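Observations on chain architecture
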Amino acid sequence: MRKYLYIFKSKVMSNLQYVFDLAGGMIGYFLHIFVFVYLYRYLYMGEKDIINGYSLNQMIWYVIITELIWCILGGRKLCYKISKDVKDGNISYNINKPYSYIGYVFFEHLGDIFIKGIIFTIFGMIIGFLFIGSFPNHSILSIIVVIISCILAMFISILLIMIIGLFAFYIEDSNPFYWLYSKVILVLGTLLPIEYFPTVVQGILKYLPSYVVAYGPAKLFVSFSVNNTIKILVAQVIYLFISYLLCVLIYKKGVKKLNVNGG
Amino acid sequence: MLTEVRSQIKVTMLSIKYAIMRELLNKVTFISNIIFMILNNASFLIQWLVLYSIKDNFGGYTFKQVILLWGMAAITYGFSHFFFKNAYHLSDTINTGRLDTFLVQPKSVYLQAITSDVTVSAIGDILYGYIMIFVTGFTIEKFLLFTFFGILGGISLTAFIIILGSLSFWFSRTDIIVDTGESLAVNFATYPDGIFKGIVKWILYIALPVGIVNYIPISIISKFNIKLLLLCSIYCILIVLLSIFIFKKGLKRYSSTNLMNARV
Amino acid sequence: MSNIIEIKKISKIFKIKEKEKGLIGSLKSIIKPKYKIKKAVNNLSLTVEKGEIIAFIGPNGAGKSTTIKMLTGILCPTKGEAVVAGINPAKQRKKLAYKIGTVFGQKEQLWTHLTPYDNFKFFGAIYDLKNYEIEKRIKELNDTLELEEFINTPVRNLSLGQRIRCEIAASLIHKPEILFLDEPTIGLDPVVKENIRVLIKRMNKEFGTTIFLTSHDVGDIEKLCKRVVIINDGKVVLDDSMENLKYHYLNNKIIEVKMKEKVNLSDEDGITILKDKGYNLKLSIDVAKKSVADVIKLLNTDKIIDINISNEPLENIISNIYKGNKK
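Calculation notes
Residues numbered from 1 in each chain as written. Chains lettered and ligands numbered in written order. Predicted model: local features only at pLDDT ≥ 70, side-chain atom pairs only at ≥ 80, totals over all residues. Heavy atoms only, no water. Helix = DSSP H or I, 4+ residues; strand = E, 2+ residues; numbered from the N terminus. Buried < 20%, exposed > 50% of the residue type's maximum accessible area, 1.4 Å probe, protein only. Contact = heavy atoms within 4.5 Å. Lys, Arg positive; Asp, Glu negative; His and termini not counted. Charge placed at Lys NZ, Arg CZ, Asp CG, Glu CD. Domains from an automatic or database assignment. Pairing = 2+ DSSP bridges. Axes fitted to C-alpha atoms, helices over the stretch in contact; angles between N-to-C directions. Buried area = accessible area lost by both parts, 1.4 Å probe. Salt bridge = Lys/Arg side-chain N within 4 Å of Asp/Glu carboxyl O. Polar contact = N/O pair within 3.5 Å; in protein donor to acceptor, adjacent residues only side chain to side chain. Nonpolar A, V, L, I, M, F, W, Y, C, P; charged D, E, K, R; others polar.

Turning next to the overall build of chain C. Helix and strand counts for chain C come out as eleven helices and 13 strands. Taken over 327 residues, chain C has a buried fraction of 49%. Within chain C, contacts between residues separated by at least 24 positions form 69% of all contacts whose residues are at least 6 apart in sequence. With 56 positive and 42 negative side-chain charges, chain C shows a separation of 8 Å between the mean positions of the two kinds.

Our next topic: the domain arrangement of chain C. Taken domain by domain, chain C consists of domain 1 (3-246) and domain 2 (252-311). Between the C-alpha centres of domain 1 of chain C and domain 2 of chain C there is a distance of 43 Å.

The subject of this paragraph is the sheet that holds strand β3 (residues 53-57) of chain C. Residues and elements named next belong to chain C. A sheet is described by the order of its strands in space; here six strands give the open sequence β5-β6-β7-β3-β8-β9, paired in mixed fashion. Looking at the sheet topology across the chains shown, the edges are occupied by β5 (100-104) and β9 (235-241). Geometrically, the sheet is characterised by an average inter-axis angle of 15° between neighbouring strands, direction not taken into account. Against the sheet, helix α6 (residues 160-171) makes contact with β5 and β6 (178-182), and its axis sits at roughly 160° relative to β5, the strand it touches most.

Between chain A and chain B, the residue contacts involve 31 residues of the former and 35 residues of the latter. Surface buried jointly by chain A and chain B totals about 3,100 Å² across both partners, of which 75% is contributed by carbon and sulfur atoms. Ranking the residues of chain A by area buried against chain B places A:L39, A:Y42 and A:W179 at the top, with a combined share of 21%. The tally of links from chain A across to chain B stands at zero salt bridges. The tally of links from chain A across to chain B stands at five residue pairs in polar contact (both at pLDDT 80 or more). Counting residues per element, the ones that place at least two in the side of chain A that touches chain B are α2 (19-44) and α8 (175-190) of chain A. Top contributing element to the side of chain A that touches chain B by residue count: α2(A), with 13 residues. Of the residues belonging to the side of chain A that touches chain B, the class tally is 23 nonpolar, three polar and five charged.

This is the structure:
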């Protein structure tokens, strides 16, 4: 465990330098929220106060949380790194090292986004407060649940993106799959909660990754309930477990393939 | 003068041809990049389908108009990224001293610095734009106007990016400004202007290549207006001239700071 | 003979942003940047005749690259003026470009996924050559630079030596009057280096191209150039023919001897002991003060097993000039 902690720590330190990148990311994040505030204000103008179970303020908070998770994640960079490792053959150098490649990359990336995550979260809360003027009702316990759910969402998303990156064992460029993944998450859970979709579609959406990496934590933040908590956390744990297994499986198969072909 | 222009065009075309040849080395990647970009853009149809099921008008746009707006944003973006990929890396080109190569050649540094590489997935954006014409009802007139504004907008967007990138002649790290400028333009270009109010709207029409590049063309396609068309053309010419002016100003400074900064 | 390059009191001053260490330092440098003035080139004057091969050398940071960049139109001088092939590079960059060729050893100009042939076609188009002219020129270059065997192989599959040959060929496509070579043999093995040198020489002879060369490789300089210009701190510290350089600065001889028995010799006027391992000695002699014969007399000639007298290597001469200038 110590070696992973070390990897984590050293990445955190070197990232202190990337103030610029951080500023750029924050502006981008703000822009998204800005557009959605206007879009949803327009949507609720002259309509009922509650649409599909959400008030305007809840919708804005919803997007603040889902976009927050997505912006902190930095998935494009992670996917690029892994597919590059596979293509350059770096991945085979890692086979002999006394740690697992999956663990290394996972914790390295966590270290990468740790400080960014804290700053973005504060920033997101400030933006939300400025646009809306109040926070959703929460107890200390419920806010802890939300944070846990957000962290689980991150973990799952990192693992899923790693799986996509590892596709590079089989195809030349795994980037298009990353786009596809990002669009599934974006359109089917980040921009709009699943209650907005037709009832038939909702049944399917509950099984998609967007449910656990975007919808779940945001839903808990805007309207907390014990019932939802159980449903979402269970779904997240199952997803985490399966995505980890898949990740290890694809890595092992891929490395074997690499060795047979001589890299 | 004329022969100079002709030979410049020949060189630019040759660099685009060579860059495409490079991308074609891997045909599977080439095609999958294009197809996935089309799917990528199409995914936003879902968002609008859901929103229009609640309300049938967003900022004065019908569903068809919003889709066409997306198509327009895609084609301008695609055109710009396909032909002028390096405009988006101008900051890097300046900071690493890669302008040297172009400075010893008897051609326009401005053009050489922004061409000579292509983004394959941008072909998907351009195709998506045209698919949206068919989806919203094809007419020859619409097709021609769409193409015209696509090219005009692509050039305007590129000029805007070059202006931001040229700031690297004065300040070393401006890639964030370029990225922000790009995401500003792209974000707003895909949402109807009617949802924005006050100062934001002013910014969209004056400071960013969005209003005149995306919103006005959509209104012209719905209802032809020669005055607005001229306005768009003049805007495009002005912003290109401005970008050339700033680039040339900066190039004189290229000598003084950045080259050393890059090596220190 | 006419001068092809005339540099008149040229200077280039850089303003360098100074950055303190760490995060706070970076922030500070954004808010209130501090500048340091550096004179990269300082009042430098030089003329080069048509058809010459000139070595332009100096330690790192001496101002070599900056000078070349001013001569090729990449940088504008802060003060002074240069005339290259009758053109002022700062004013008529494009016109100059037709008359000069450049090879920067560390910067590639070629498209790596294309064959050299396609690359030449591209560079031909850049210099407005007609198709038949390009074909004709490729043939000429082919003969001189021996590109035949790999002219249709993508550049990325070529060896470093082959690539450099292609870089040189590409920079010659428009028959430039002057060729600027910045470290052309960097990273090459000795055989390939020799090869490139022969080609450069041949090019100079057959096309009459003036060659302006910078290199850290003494072999390049010794074998190619008749004239050497050494600069340091932005100024010319030596401008002489290769012969003179060797003659004047060859006051020192190196003597290595292997003896049957130990000799006791110590530093005295004109003799410096470089190495003393008892039986084996390495001496440096200043012939102006002590003749070689005198020194040998000091040794017991009967007990000499082996003796080797040689000139001081050019490398040492040059580094002594660099050092002498620093003092």
